[in-house]
Amino acid sequence: MSLMVFCLFCIDISANPLKSLIINANNNPLLESKNYQTQALKEEKKALYSGYLPKVEVGYAYQNINNPDIFYPKSVNGPFVEASWLLFDGLKREGKFSIQNHKIKASEFSALSTKQQIFLKIIQEYFQALSLKSKRKALLSQQNELEQSIIKYQTFFESGLASQDTLEAIKSQFAQNSYQLENINLALEARKEQISLLSGVEDFLLDDLVNIKEISAQTPQKQRADLQAQFHYVKSLENASTQYTYLPTIALSNRYTNYQYHNRNIPTLPFPISIEDPKYQNIFGVSVSFVLFDSFATLKAKESAHLQALAANFEYAYQKDSQKRERIIAQSALETAKEKIQWAFSALTSASIAYTYAKEKFNSQLIDYTQYLKALSNLFNAQSFYDEARFDYEIKKAEFLYSNGENLEEFL
C-alpha cells in the first residue's frame, strides 16, 4: 500500500512541474537560514532557563605572602567548591522568558513568511516564463510564414513578377522579428535562472497546462505570517519593560574550602605556643540588594521601552490595515484579469479570421505587402495577448491567495 501511495505521489508531482518546484523550494538556503535562527533562539531560551538554576563551581586557590607573620602563613592553597543560586531578581526572570518565547514565535512566523514569499516569486516567474515561451512560439510561427513568403517572392522578383520593395519589406519584418526573438530568449533564460535559484532545480518543464486553484472572494481573510511575526515582535517589546524594576534581588551562596598551610612564621618565645590551622572553611551567605536611588535611570529606561512597544503597536496596526487593502486590490486585479482573458480571446479569434483573408488576398495580389504584414503582426500580438492574459490570471490568483494569508502550496 505504501509503495502504491508513493508511486501516485510521484505521478502527481511529475504531472505538475510547478508543484515540484514549490516542494523543492522548501530546501531553499534562505529558509534553512531562518530555521537555524529559530533553533538558535530556542537554545538561547534553554541557556536562559539554565542560568536561573543553582550553579556549582569548583576550583583551586593558592595564596603567597612575601612577609608572613604569626597570623598569616607564607602560603595557603587548597581546592574549593562554591554553589550559588539567584533566588529572586525582581521579576525580571518571568519577563525574560516571555520575551524569549515571543522572539521564537516571531522567528517561526518570519520563516513561514519567507517561505510564502519564495513560493509566490516562483509562481510569478514560472507564468511569466510561460508567457515569454508563448511569445516565442507565436513569433517563430510568424517567422516561418515570413520565410516561406521570402522564398516565394524571391522567385517572383527574379522572374519579374513582383517588385523589390515587397520582397525587402518582408525581409525587414523577418529581421525585426529575429531581433525580438533574441530579446525574448534572453528574458526567458533569465526567468529560468531565477526559478532555479529559488527552487534549487536546474532542469524543469514549463507546462502551460498548469493552473492554480481558485477560492471564493467571500473566503475569510487570514492573517499573513509576516503580520503574525510582527505581532509577537510587539509582544516581546511590551515585555521588555519588566527588565527595569526597583524590586530587590535575592541570592544564596555557599563556599567550602579545604586549606593547606605552609611556612607559618612563628617567632621564638620563652614559652611554647601551639597554633592549630583549620582544615576547612565553609561560608554561607544571603545577599539582598535593591536600587535605592539611581537618578531615575531605571524609570527612564522603562519609559523608553514602553514607547518603543507603543511605536511597534502602531506599525502593526498599520500593517494589518495594509493587508486588508492589499486583498481588496488583489481581488479587483483578479476580476480584471479574468475579464481580460475573454477580451483577448475575442481579439485572437478576429485576428485569426482577418489574417486568413489577408493571406489569401495577398497571395492573389489583391492587397499589398503592408496590409498583409499588418494582419500577420496583429495575429502575433493577439496570440501573445491571449496567452499573456491566461498566465497573468494565474499570477493574480496566486497574489490574491497570498494577500488572503493562504498557503500557496495547497492550491497547486
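Rules used in this analysis
Residues numbered from 1 in each chain as written. Predicted model: local features only at pLDDT ≥ 70, side-chain atom pairs only at ≥ 80, totals over all residues. Heavy atoms only, no water. Core = buried A, V, L, I, M, F, W, Y, C linked by side-chain atoms within 4.5 Å. Buried < 20%, exposed > 50% of the residue type's maximum accessible area, 1.4 Å probe, protein only. Helix = DSSP H or I, 4+ residues; strand = E, 2+ residues; numbered from the N terminus. Contact = heavy atoms within 4.5 Å. pLDDT = per-residue confidence, 0-100. Phe/Tyr/Trp six-rings, centres within 6.5 Å; stacked < 30°, edge-to-face > 60°. Lys NZ or Arg CZ within 6 Å of the ring centre and 35° of its normal. Patch = residues over 30% accessible without salt bridge, like charges linked within 9 Å, V, L, I, M, F, W, Y side chains within 5 Å. Areas by Shrake-Rupley, 256 points an atom, 1.4 Å probe, with all protein chains shown as cover. Salt bridge = Lys/Arg side-chain N within 4 Å of Asp/Glu carboxyl O. Lys, Arg positive; Asp, Glu negative; His and termini not counted. Charge placed at Lys NZ, Arg CZ, Asp CG, Glu CD.

Draft legend 1. Highlighting the nonpolar core. In this structure, Leu-18, Ile-122, Ile-123, Tyr-126, Phe-127, Ile-212 and Leu-408 are the most contacted members of the largest nonpolar core, which totals 35 residues. Breaking this core down by element, the ones donating at least two residues are α2 (17–24), α4 (92–158), α5 (164–199) and α8 (369–403). The dominant element in this core, judged by the number of residues it contributes, is α4, at 12 residues. Setting aside residues up to four positions removed in sequence, Ile-123 forms contacts with Leu-18, Ile-22, Ile-212, Ile-395, Ala-398, Leu-408 and Leu-412.

Draft legend 2. Molecular detail of the confidence of the model for the protein chain. Taken as a whole, the protein chain shows an average pLDDT of 89; of its residues, 92% reach a score of 70 or greater. Mean pLDDT in the protein chain bottoms out at helix α1 (residues 2–15), which sits at 46, and peaks at helix α6 (residues 225–238), which reaches 96.

Draft legend 3. Just the packing of aromatic side chains, in detail. What the rule picks out here adds up to 11 aromatic pairs. Aromatic ring contacts, followed pair by pair, group Tyr-153, Tyr-355, Phe-362 and Tyr-372 into a single cluster. Here the basic side chain of Arg-255 rests over the ring of Phe-80, its NZ or CZ set 3.8 Å away from the ring centre. In this structure, Arg-390 is placed above the aromatic ring of Phe-391, and the distance from its NZ or CZ to the ring centre is 4.7 Å.

Draft legend 4. Quick peek at a negative patch on the surface. Together, Glu-189, Glu-193, Glu-202 and Asp-203 make up a negatively charged patch on the protein surface. Within the secondary structure, Glu-189 sits in helix α5.

Draft legend 5. Geometry of the pattern of salt bridges. Tallied over the entire structure, the rule returns 18 salt bridges. We note a salt bridge from Glu-43 to Lys-46, for which the minimum N-O separation is 3.5 Å. Placement of the pair is Glu-43 and Lys-46 together in helix α3 (residues 29–51), with a separation of 3 residues, close to one helical turn. Given the relative accessible area of 40%, Glu-43 is considered partly exposed. When its relative accessible area of 51% is taken as the criterion, Lys-46 is described as exposed. What you see here is one network of salt bridges that share partners, running through Lys-121, Glu-125 and Arg-191.

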